[in-house]
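Listed here are the chains, written in short residue letters.
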Amino acid sequence: MKKYLQRLYKTAEKSNYENIYSLLEKNIEAKVLDLGCDDGAVSLKIAQTIGTKNIFGVEIVDEKIKIAETNGIIVKKSDLNHKLDYENIFFDVVVVNQVIEHLYNSDVFLGEIYRILKPGGYAIISTENASSWCNILASILGWQIFSLTNFSSMKRGIGNPLALQKNFEPQNCSWNHIRIYNFRGLKEYCELFNFKIEKIKGAGCFPLPNFIGNIDKTHCHFMTFKIKKQLT
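Just so it is clear, the structure is predicted and the values come from calculations on it, not from any experiment.

### Section: the environment of Lys-118
Thinking step 1. Within the secondary structure, Lys-118 sits in strand E5 (residues 117-128).
Thinking step 2. By relative accessible area, which is 27% here, Lys-118 ends up partly exposed.
Thinking step 3. Distance from Lys-118 to His-221, taken between C-alpha atoms, is 30 Å for residues 103 residues apart in sequence.
Thinking step 4. In contact with Lys-118, not counting residues within four places along its chain, are Ile-89, Phe-90, Phe-91, Asp-92 and Lys-229.
Thinking step 5. Only 3.3 Å separates the side chain of Lys-118 from the side chain of Asp-92, close enough to count as a polar contact.

### Quick notes on the nonpolar core
Thinking step 1. Leu-33, Leu-35, Val-94, Phe-109 and Ile-113 are the most contacted members of the largest nonpolar core, which totals 35 residues.
Thinking step 2. Among the secondary structure elements, those contributing two or more residues to this core are strand E1 (31-35), strand E2 (54-59), strand E4 (91-97), helix H4 (106-116), E5, helix H6 (183-192), strand E6 (195-203) and strand E7 (222-229).
Thinking step 3. With 5 residues, H4 is the single largest residue contributor to this core.
Thinking step 4. When sequence neighbours within four positions are dropped, the list of residues in contact with Leu-35 reads Val-58, Leu-80, Leu-84, Val-94, Val-95, Val-96, Val-99, Phe-109 and Ile-113.
Thinking step 5. Membership of the second largest hydrophobic core comes to 19 residues, among which are Tyr-21, Ile-50, Ile-55 and Ile-65.

Cut-offs and rules
- Residues numbered from 1 in each chain as written.
- Predicted model: local features only at pLDDT ≥ 70, side-chain atom pairs only at ≥ 80, totals over all residues.
- Heavy atoms only, no water.
- Helix = DSSP H or I, 4+ residues; strand = E, 2+ residues; numbered from the N terminus.
- Buried < 20%, exposed > 50% of the residue type's maximum accessible area, 1.4 Å probe, protein only.
- Contact = heavy atoms within 4.5 Å.
- Polar contact = N/O pair within 3.5 Å; in protein donor to acceptor, adjacent residues only side chain to side chain.
- Core = buried A, V, L, I, M, F, W, Y, C linked by side-chain atoms within 4.5 Å.

Rendered as structure tokens:
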């Protein structure tokens, strides 16, 4: 069962990236920021899809920053729980993939995204969904939900015998999940910061087949929101 779930998870991850890329708009002059850019590999794909060379990133892990810089990303080291070192209304696009669930100060985070976006600019936020069917089933069984089994730096997979991250080695605490959003919760949270929800895509619906995630978005495993800073 666990191997089956792991295969579905990998397929859903791939679909999630495809969802993100599909929401990007062509703009050769766009300034793009990838928050939590890691080694910059995905940042480059984002820039290529948009058609721009103006790609920036924020990362906290030194080794990843060095690699991202060699990949041509203009990187700043920062803790995303705090204010960002960028001017107001500077970016056209901000991408946030599998990051917001790691933050304890998401109020500051969303407020900063709004501040640095130009009016009419957009952000793409993707994260796991506490309302996904596998998380609901785990909760009914009294297990730790799948999306929150990596809350400790000492051990992965606590509280869930089928945890998909159970065999992972202990990691830097910045990789720990702190909170997992439900579908409606993330939607209303973005709206609270005066973002307009433009589009929502889903990926993965395990133990059901992957494609159902983009039909039943409320219970998909990876939810991706395209949110826009409205013109004032």
